[in-house]
Amino acid sequence: MMSTNTPDGAQELRSLAEQSNAWPFEEARKIVARLKKQPKDEVIFETGYGPSGLPHIGTFGEVARTTMVRHAFRTLTDDKIKTRLIAFSDDMDGFRKVPDNVPNKEMLTAHLGKPLTKVPDPFGTHPSFGEHNNARLRTFLDHFGFDYEFMSSTDCYKSGRFDATLLKMLERFDPVMAIMLPSLREERAATYSPFLPIDPRSGVVLQVPILSHDAKRGTITYEEPETQERYTVPVTGGRCKLQWKPDWAMRWVALGVDYEMAGKDLIDSVKLSGEICRALDALPPEGFNYELFLDENGQKISKSKGNGLTIDEWLRYAAPESLSLFMYREPKSAKRLYFDVIPRQVDDYQQFLDGYEKQEIKHRLGNPVWHIHAGNPPKSDMPVTFSMLLTLVSSSNAENAATLWGFIGRYRPGVTAQTHPKLDAMVGYAIHYFRDFVLPTKKFRQPTDSERAALTDLRDALAQLPAEATAEQIQDVVYEIGRREPFLDEKKKAKDGKPGVSLDWFNMLYQVLLGQEKGPRFGSFVAVYGLQNTVDMVDGALARSA
């Protein structure tokens, strides 16, 4: 296999990337095409964050996916064009609602309407609530090792970074209004202005009609709602901010953003902001609208409802790579984001990692682990699947890692918590998952008479196997015992030409013996759990149903 570290290897990698149908490459090719229309020596990627609450799983998803596109772009351009990822915080937004999960709620109520960076921090650790949540965002992104540049809306407005674009927005006031007004209800359209003055008296972000605007002087005039006094203020220097759709467009122009993705619920907003961007003589960024996550009942996940899965909850049961895999897969399809999706993501990640080493470069570029690990996945070394660990915990009711390591050590001599720290972490995840989800719903099915007879025969057959029997030998015995009614599958044929065995046989074993619907390959499970332990388990199930 050609090394990608040589010039020829890099050229081959780029050539294959240009043809790859992995979605990050499809997105990155849009940016390459954009540069042909509008050349520049630096490409800006952006993700946005509303700091009125704590970072959540959607924040992770957006930054992870954008990072994948950024790396794909670097591959397509041999890393010859500088790239930056801006994590932008809308911390100058008005504080609209006191969250449920913060202390000192009464104190916060007095500051409703002010920019988040002017609202005192209810936790008392930072100068403002906005800065507290910004710090949480940076800690969150740093924890996952993202490469980004943090940017604050307040800093950009107050430092003058946005001034030139704000003045241009004022100059194009009428075209911007013509874009926005048809999208608004009649009542809101009557008082709408893209510019929101920040009241020098109360500090509140005011939603008031603009009585007049002067592009030459760079000012707007409005009436203060309580005193009816007229004020004329500059739109620069942080004395005003923009409504969010014009604000989004202004930010794209001022920062030169080339790529930003957004949720499907923002399709109309992206379109309007794009039109405003063009009204400012700029090209809107590339990007796509990803689908939203669904809860266990197929309902859209909502931060206010709290019906989703938090990032901390996911990380209680699995490593971050499994969450990255979930984010990589089918970003334009709605997906259930609930606890029961975690085991599959863990084992699928491991399968992709196992397969990576054996793949040609062409196929590696379509392997999710290439994108999750920026083209440099770790070596695969996971001797036991998560599904297997869960079944071991379930079969032994293991309440501690030592019990599980006893099984693993016998199955894979020399494999220990010290030699395999990632497996040790997975053991902990499996115990948490079992306690929280499997144990409360564990329900043993009673076997039918024909199933009891099959279980008795299986018990006797397993008892006769030598202690050193392999997983394959055990599986052969399990398969042979299951070759009977009602488990025969005439459509399947074994290698010896005999009828096959339906999945119902294996599902029955897990339902009757372990109180769960499904499990890993039964022969492999018995090899890890132990023949005698399995015989004892079958005896227990037969006694329960006697």
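Note: the structure precedes this text.
Residues numbered from 1 in each chain as written. Predicted model: local features only at pLDDT ≥ 70, side-chain atom pairs only at ≥ 80, totals over all residues. Heavy atoms only, no water.

**Observations concerning the sheet that holds strand E7 (residues 230-234)**
Consideration 1: Pairing in this open sheet of three strands is antiparallel, and the strands run E5-E6-E7 from one edge to the other. At either margin of the open sheet sits one strand with a lone partner, and together these are strand E5 (210-214) and E7. If you compare each strand with its neighbour and ignore which way they point, the axes differ by 20° on average.
Consideration 2: Where strand E6 (residues 219-223) meets E7, five bridges bridge the pair, whose relative direction is antiparallel. The residue of E7 that forms the bridge with Tyr222 is Tyr231. (Pairing = 2+ DSSP bridges. Helix = DSSP H or I, 4+ residues; strand = E, 2+ residues; numbered from the N terminus. Axes fitted to C-alpha atoms, helices over the stretch in contact; angles between N-to-C directions.)

**So, empty space enclosed by the protein**
Consideration 1: Under the criterion given, the structure shown has one cavity of 30 Å³ or more.
Consideration 2: By volume, the largest cavity is sized at about 60 Å³.
Consideration 3: Every residue along the wall of the largest cavity is listed here: Thr47, Gly48, Tyr49, Thr59, Glu62, Val63, Ala87, Leu137 and Leu141.
Consideration 4: Residue assignment for the lining of the largest cavity shows that the elements contributing at least two residues are strand E1 (42-49), helix H3 (57-76) and helix H5 (129-143).
Consideration 5: Taken together, the residues that form the lining of the largest cavity break down as five nonpolar, three polar and one charged. (1 Å grid on protein atoms, 1.4 Å probe; cavity = no way out; pocket = protein on both sides within 12 Å on 5 of 7 lines; lining within 4 Å. Points joined across faces, edges and corners; volume = space filled by probe spheres on them. Nonpolar A, V, L, I, M, F, W, Y, C, P; charged D, E, K, R; others polar.)

**Looking at the layout of surface pockets**
Consideration 1: Taken as a whole, the second largest pocket spans an internal volume of roughly 570 Å³.
Consideration 2: Of all elements in the fold, only helix H14 (342-356), helix H17 (386-396) and helix H19 (421-441) reach the threshold of two or more residues within the lining of the second largest pocket.
Consideration 3: With six residues, the top contributor of residues to the lining of the second largest pocket is H19.
Consideration 4: Here the lining of the second largest pocket is built from residues that sort into nine nonpolar, six polar and seven charged.

**Overview of helix H10 (residues 244-255)**
Consideration 1: Relative to the 16 Å expected for 12 residues at 1.5 Å per residue, H10 spans 16 Å between its end C-alpha atoms, a close match to the ideal helical length.
Consideration 2: Burial within H10 is extensive, with nine of its 12 residues counted as buried.
Consideration 3: Turning to H10, its buried residues are Lys245, Pro246, Asp247, Trp248, Ala249, Met250, Arg251, Trp252 and Leu255.
Consideration 4: Two residues or fewer past H10, Gly256 is found with a positive phi of approximately 70°. (Expected span 1.5 Å × (residues − 1). Buried < 20%, exposed > 50% of the residue type's maximum accessible area, 1.4 Å probe, protein only.)

**A word on the environment of Ala279**
Consideration 1: The topology assignment puts Ala279 in helix H11 (residues 267-279).
Consideration 2: Classification of Ala279 as buried rests on a relative accessible area of 16%.
Consideration 3: Placed 104 residues apart in sequence, Ala279 and Pro175 show a C-alpha to C-alpha distance of 6.9 Å.
Consideration 4: Setting aside residues up to four positions removed in sequence, Ala279 forms contacts with Arg172 and Ile179. (Contact = heavy atoms within 4.5 Å.)

**Comments concerning the pattern of salt bridges**
Consideration 1: A full pass over the atoms with the stated rule returns 34 salt bridges.
Consideration 2: Between Glu291 and Lys264 there is a salt bridge whose closest N-O contact spans 2.8 Å. Of this pair, Glu291 sits in the loop between strand E11 (289-290) and strand E12 (293-294) while Lys264 sits in the loop between strand E10 (262-263) and H11, and the two are 27 residues apart along the sequence.
Consideration 3: Assessed through its relative accessible area of 42%, Lys264 is described here as partly exposed.
Consideration 4: Because the salt bridges share partners, they merge into one network encompassing Arg34, Lys40, Asp258 and Glu286. (Salt bridge = Lys/Arg side-chain N within 4 Å of Asp/Glu carboxyl O.)

**Concerning the sheet that holds E1**
Consideration 1: Reading across from one edge, E3-E2-E1-E9 is the order of the four strands in this open sheet, with parallel pairing throughout. The two strands at the open ends of the sheet, each matched to only one other strand, are strand E3 (149-152) and strand E9 (257-259). Here the strands of the sheet are splayed against their neighbours by 45° on average, with no regard to which way each runs.
Consideration 2: By the bridge criterion, eight bridges tie E1 to strand E2 (residues 82-89) in an arrangement that is parallel. Paired with Val43 across the strands is Thr83, a residue of E2.
Consideration 3: Of the strands in this sheet, E1, E2 and E9 touch H3, which is tilted by about 170° from E1.
Consideration 4: Its contacts with the sheet put H10 on E1, E2, E3 and E9, and the angle it makes with E1 is roughly 150°.

**Remarks on the packing of aromatic side chains**
Consideration 1: Evaluation of the coordinates by the stated rule reveals 32 aromatic pairs.
Consideration 2: A connected cluster of aromatic rings, assembled from ring pairs, spans Tyr317, Tyr338, Phe339, Phe386, Tyr433 and Phe437.
Consideration 3: Of note, Arg65 hangs over the ring of Tyr290, and the distance from its end group to the ring centre comes to 5.3 Å.
Consideration 4: Positioned above the aromatic ring of Tyr356 is the side chain of Arg364, whose terminal nitrogen or guanidinium carbon lies 4.3 Å from the ring centre. (Phe/Tyr/Trp six-rings, centres within 6.5 Å; stacked < 30°, edge-to-face > 60°. Lys NZ or Arg CZ within 6 Å of the ring centre and 35° of its normal.)

**As for the nonpolar core**
Consideration 1: Formed by 114 residues in total, the largest nonpolar core has its most connected members in Trp314, Trp505, Leu509, Phe522 and Phe525.
Consideration 2: When sequence neighbours within four positions are dropped, the list of residues in contact with Phe525 reads Met388, Thr391, Leu392, Ser395, Tyr510, Leu514, Pro520 and Met537.
Consideration 3: Among the nonpolar cores identified, the runner-up in size contains 43 residues, and Phe88, Met92, Leu206 and Leu280 belong to it. (Core = buried A, V, L, I, M, F, W, Y, C linked by side-chain atoms within 4.5 Å.)

**Some words on unusual backbone geometry**
Consideration 1: For the bond from Glu485 to Pro486, the omega torsion is 5°, close enough to zero to count as cis.
Consideration 2: By secondary structure assignment, the location of Pro486 is in the loop between helix H21 (471-481) and strand E14 (488-493).
Consideration 3: Phi at Asp281 takes a positive value of approximately 65°, unusual for a residue other than glycine.

**Some thoughts on the packing of helix H8 (residues 173-180) against H11**
Helix packing geometry: the angle between the two helix axes and the distance between the axes.
Consideration 1: Across the interface, H8 lies against H11 with an axial gap of 10 Å and an inter-helix angle of 160°. Classified by the angle between their axes, H8 and H11 sit roughly antiparallel to one another. Considering how the two elements wind past one another, H8 and H11 form a crossing that is right-handed. Along its contact with H8, which presents Val176, Ile179 and Met180, the element H11 presents Leu272, Glu275, Ile276 and Ala279. (Parallel < 35°, antiparallel > 145°, perpendicular 65-115°, else oblique. Left-handed = near helix turned anticlockwise from the far one by under 90°.)

**Things to note about the side chain of Thr534**
Consideration 1: Structurally, the position occupied by Thr534 is in helix H24 (residues 531-544).
Consideration 2: Contact partners of Thr534, with chain neighbours within four places excluded, come to Leu462, Phe522, Val526 and Tyr529.

Geometric descriptors of this kind do not, in isolation, establish any biological role.
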